[in-house]
Amino acid sequence: MKRIFSGIQPTHTMTLGNYLGAVRNWADLQKDFECLYCVVDLHALTIPQDPEILRRNTRELTAALLAAGIDPEGSILFAQSHVPGHSELAWLFGCLTPMGWLSRMTQFKDKAGKHRDQAMSGLFTYPVLMAADILVYRATHVPVGEDQKQHLELTREIAGSFNHRYGVEYFPLVEPQIFGAATRVMSLRDGTKKMSKSDSSDFSRINMTDDADLIAQKFRKAKTDPEPLPSAIEGLADRPEARNLVNIYAALARTTPEAVLATYGGKTFSTFKAALTDVAVAALSPVADEMNRLLADPAEIDALLRRGAERAGAMAAVTVGEVRDLMGLLRV
Ligand code: TYM
C-alpha cells in the first residue's frame, strides 16, 4: 500500500516556500495516496517558543493547511503531540542511531552554529523524531522540499538498521517526493539563501497571510540584477535571484521556467515583477481568505485536530505495539 506522511513546523505562518515546495503537492497527492499530514509542534520546541504563540501558530497552520486544500475527512490531519507514539518510537530509534549519523546533518550544523555545545540535545536528535513521525505509520512516500532530503536519507538508514538488527522487513525504505518548479524557494533578499520562516527580515519571504499590497511591495523590493531576463534557461546560471523569481512564477502558474522565459525573455524586471505579483495574488489570496474564515472558529479547528489524532493514534499504537514486541519489551 502507498501511504504518505509529511509534516510542517508551527514556528510561524506558512511561507510561499512551504506552500510551493511541499503543501501544494500534499493537496495534489491526496487523490492517489492514503495521506497523513501533521503539524509538528514537538519539533517546534527544539527552538525556544512562547507557549501562547505556539498554541496560536498551531491553530493558524492547521487553518492554512485546510485552506491550501488538505481534506480532513479523506486525509488525516493532526498535531504531532496529540499522538504519543511519535515520541515513544523516537526514543526506541534513538537507541539504534549512532551520534555520527546525527553529526552529519547539515540542518543541525546550520542551526547550532558555532556554539554546538550549547545547542539543545532535542535539536541534535530532531531527525530521529522525524524518522519516528514517518515510520510510526510505516509510510512509504514523503513529499517535502529539497531541504529535507538529508533527513529522509537518515530515515531510510534508521529503518534499514532496525530491519537488519531484528531480522525483519518491518519498516519500508521511504521515497522522498520532491517535485514542481520550486523545490527550493530562495530568499527574496539573497538568492543563495533558502526562503525561511526564521529569517529576521520579513521582506525575505512571502507569507500566505500577506495581502496584495504587501506581496506587490515585497516583489518590487526583491533583489535582482540590472540585466533584462534571458530568453533561455542557461542564461539564469549565474543569476540566482532571477532564477528564483522565474521558478516561483513557473510554480505558481503551474508551468515550466522555459515557458516563463519564452514569454518574458528580454523584458525588464519591473515588467516581470508586476506579472509575478498578479499570479501570486491570484494564487494566494483565496488561500488567505479561507484561512481567515476558518480562524474565526478556533473550537472547530481544535475539534478537527482531535478527530485527526484519534485516527492517527489508532494506527500509531499498532506499530508501537509491534515494535515493542520485536525489541523485547514485556507487554503491559
Ligand atoms: P518545515 O516546517 O521547515 O517546512 C515544511 C515543508 O516546507 C518545505 N520548505 C520549502 N520548500 C521549498 N522552498 C523553501 N524555501 C522551503 N522551506 C520549507 C520543507 O522542505 C518541508 O517539506 N523537518 C520538517 C518537518 C517534519 C517532517 C517530518 C517532514 C517533521 N517531521 C516528517 C516530513 C516528514 C521541517 O522542518 O519542515
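Rules used throughout
Residues numbered from 1 in each chain as written. Predicted model: local features only at pLDDT ≥ 70, side-chain atom pairs only at ≥ 80, totals over all residues. Heavy atoms only, no water. Domains from an automatic or database assignment. Contact = heavy atoms within 4.5 Å. Salt bridge = Lys/Arg side-chain N within 4 Å of Asp/Glu carboxyl O. Polar contact = N/O pair within 3.5 Å; in protein donor to acceptor, adjacent residues only side chain to side chain. Helix = DSSP H or I, 4+ residues; strand = E, 2+ residues; numbered from the N terminus. Near = heavy atom within 4 Å. Areas by Shrake-Rupley, 256 points an atom, 1.4 Å probe, with all protein chains shown as cover. Nonpolar A, V, L, I, M, F, W, Y, C, P; charged D, E, K, R; others polar. Core = buried A, V, L, I, M, F, W, Y, C linked by side-chain atoms within 4.5 Å. Buried < 20%, exposed > 50% of the residue type's maximum accessible area, 1.4 Å probe, protein only. Phe/Tyr/Trp six-rings, centres within 6.5 Å; stacked < 30°, edge-to-face > 60°. Lys NZ or Arg CZ within 6 Å of the ring centre and 35° of its normal. Disulfide = S-S within 2.5 Å. Axes fitted to C-alpha atoms, helices over the stretch in contact; angles between N-to-C directions. Parallel < 35°, antiparallel > 145°, perpendicular 65-115°, else oblique. Pairing = 2+ DSSP bridges. Right-handed = clockwise from strand over helix to strand, strands pointing away.

Colleague: Got a minute to help me understand the domain arrangement of the protein chain in this structure?
Modeller: In many reports, interface size means the accessible area that the parts give up when they come together. Domain boundaries assigned for the protein chain yield domain 1 (3-178 + 297-327) and domain 2 (202-292). Look at where the C-alpha atoms of domain 1 and domain 2 centre, and you get two points 30 Å apart. Contacts between domain 1 and domain 2 engage 14 residues on the former and 13 residues on the latter. Inspection of the domain 1/domain 2 interface yields 1 salt bridge. Where aspartate 28 meets arginine 254, a salt bridge forms, and the shortest distance between an N and an O atom there is 3.1 Å. Connecting domain 1 to domain 2 are 4 residue pairs in polar contact (both at pLDDT 80 or more). Elements supplying a minimum of two residues to the side of domain 1 that touches domain 2: helix H1 (16-29) and helix H3 (51-67). Take the side of domain 1 that touches domain 2: its biggest share by element is 5 residues, from H1.

Colleague: Honestly, the site of the ligand in this entry has me stumped. Any pointers?
Modeller: Taken together, 26 residues surround the ligand, and among them Gln9, Tyr126, Asp133, Asp147 and Val185 come closest. Between the ligand and aspartate 133 there is a distance of 2.7 Å, counted from a nitrogen atom to a side-chain nitrogen or oxygen. Between an oxygen atom of the ligand and a main-chain N or O atom of glycine 145, the distance comes to 2.9 Å. Alone, the ligand offers 700 Å² of accessible surface; in the complex the protein occludes 97% of this. Among the elements of the structure, strand E1 (3-8), H1 and helix H7 (121-135) are those that each provide at least two residues to the shell around the ligand. Taken together, the residues of the shell around the ligand sort by class into 11 nonpolar, 10 polar and 5 charged.

Colleague: I tried to follow the nonpolar core on my own but got confused; where do I start?
Modeller: Soluble globular proteins tend to pack their nonpolar side chains together in the buried interior. Within the largest apolar cluster, 60 residues are counted, with the highest numbers of intra-cluster contacts made by Ile248 and Phe272. For this core, the domains that each give at least three residues are domain 1 (3-178 + 297-327) and domain 2 (202-292). Other than its neighbours up to four places away in sequence, phenylalanine 272 contacts Leu229, Leu245, Val246, Tyr249, Val260 and Tyr264. If you look at the next biggest cluster of nonpolar residues, it comprises 46 residues, including Leu129, Ile134, Tyr137 and Ala316.

Colleague: Would you mind going over the packing of aromatic side chains with me for this structure?
Modeller: Centre-to-centre distance and the angle between the planes together describe a pair of aromatic rings. Using the criterion set out here, one finds 13 aromatic pairs in the structure. Ring centres of phenylalanine 78 and tyrosine 137 lie 5.9 Å apart, and the angle between their planes is 70°; this geometry places the pair in the edge-to-face category. In this pair, phenylalanine 78 is assigned in strand E3 (residues 76-79) and tyrosine 137 in the loop between H7 and strand E4 (141-143), connecting sequence segments 59 residues apart. You can call phenylalanine 78 buried: its relative accessible area is 0%. When its relative accessible area of 1% is taken as the criterion, tyrosine 137 is described as buried. Ring centres 4.9 Å apart and planes at 45° place the aromatic pair phenylalanine 162 and tyrosine 166 in the tilted group. With phenylalanine 162 and tyrosine 166 both in helix H8 (residues 149-166), this residue pair falls 4 residues apart, about one helical turn. Pairwise contacts between aromatic rings join Phe93, Phe162, Tyr166, Tyr170 and Phe171 into one cluster. When the ring centre of phenylalanine 33 is taken as origin, the NZ or CZ atom of lysine 2, which lies over that ring, is 4.6 Å away. Positioned above the aromatic ring of tyrosine 170, the side-chain terminus of arginine 138 is 3.7 Å from the ring centre.

Colleague: Explain the state of the cysteines here, please?
Modeller: What we call a disulfide is simply a covalent bond connecting the sulfur atoms of a pair of cysteines. Evaluated as defined, the whole model comprises 0 disulfides. You can see cysteine 35 has no disulfide; the closest cysteine sulfur is in cysteine 38, sitting 13 Å from it. Residue class for cysteine 35 comes out buried when judged on its relative accessible area of 2%.

Colleague: Just to check I follow, could you spell out the packing of helix H10 (residues 240-252) against helix H11 (residues 257-264) for this structure?
Modeller: The axes of two packed helices give the description: the angle between them and the distance between them. Between H10 and H11, the shortest axis-to-axis distance is 8 Å and the interhelical angle comes to 105°. Classified by the interaxial angle, the pair formed by H10 and H11 is roughly perpendicular. Here Val246, Asn247, Tyr249 and Ala250 of H10 lie close against H11, whose contacting residues are Pro257, Val260, Leu261 and Tyr264. For the contact of H10 with H11, the class distribution of residues is 7 nonpolar, 1 polar and no charged.

Colleague: Please clarify how the pairing of E1 should be interpreted in this entry.
Modeller: Both faces of the sheet carry side chains from a regular strand, because those side chains alternate between them. Counting buried residues in E1 gives 5 out of 6 residues, a clear majority hidden from the surface. As judged from the 6 bridges shared by E1 and strand E2 (residues 34-39), these two strands associate in the parallel manner. Residue pairing in the sheet places arginine 3 in a bridge with glutamate 34 of E2. As a crossover connection, the stretch from E1 through H1 into E2 is right-handed.

Colleague: Where do I start with the environment of histidine 151 in this structure?
Modeller: Within the secondary structure layout, histidine 151 lies in helix H8. When the C-alpha atoms of histidine 151 and isoleucine 47 are compared, they prove to be 18 Å apart, with 104 residues separating the residues in sequence. What histidine 151 contacts, discounting residues up to four positions off in sequence, is Met105, Gln107, Tyr126, Pro127 and Met130. Within the local environment of histidine 151, its side chain forms a polar contact with the side chain of glutamine 148, the two groups lying 3.0 Å apart.

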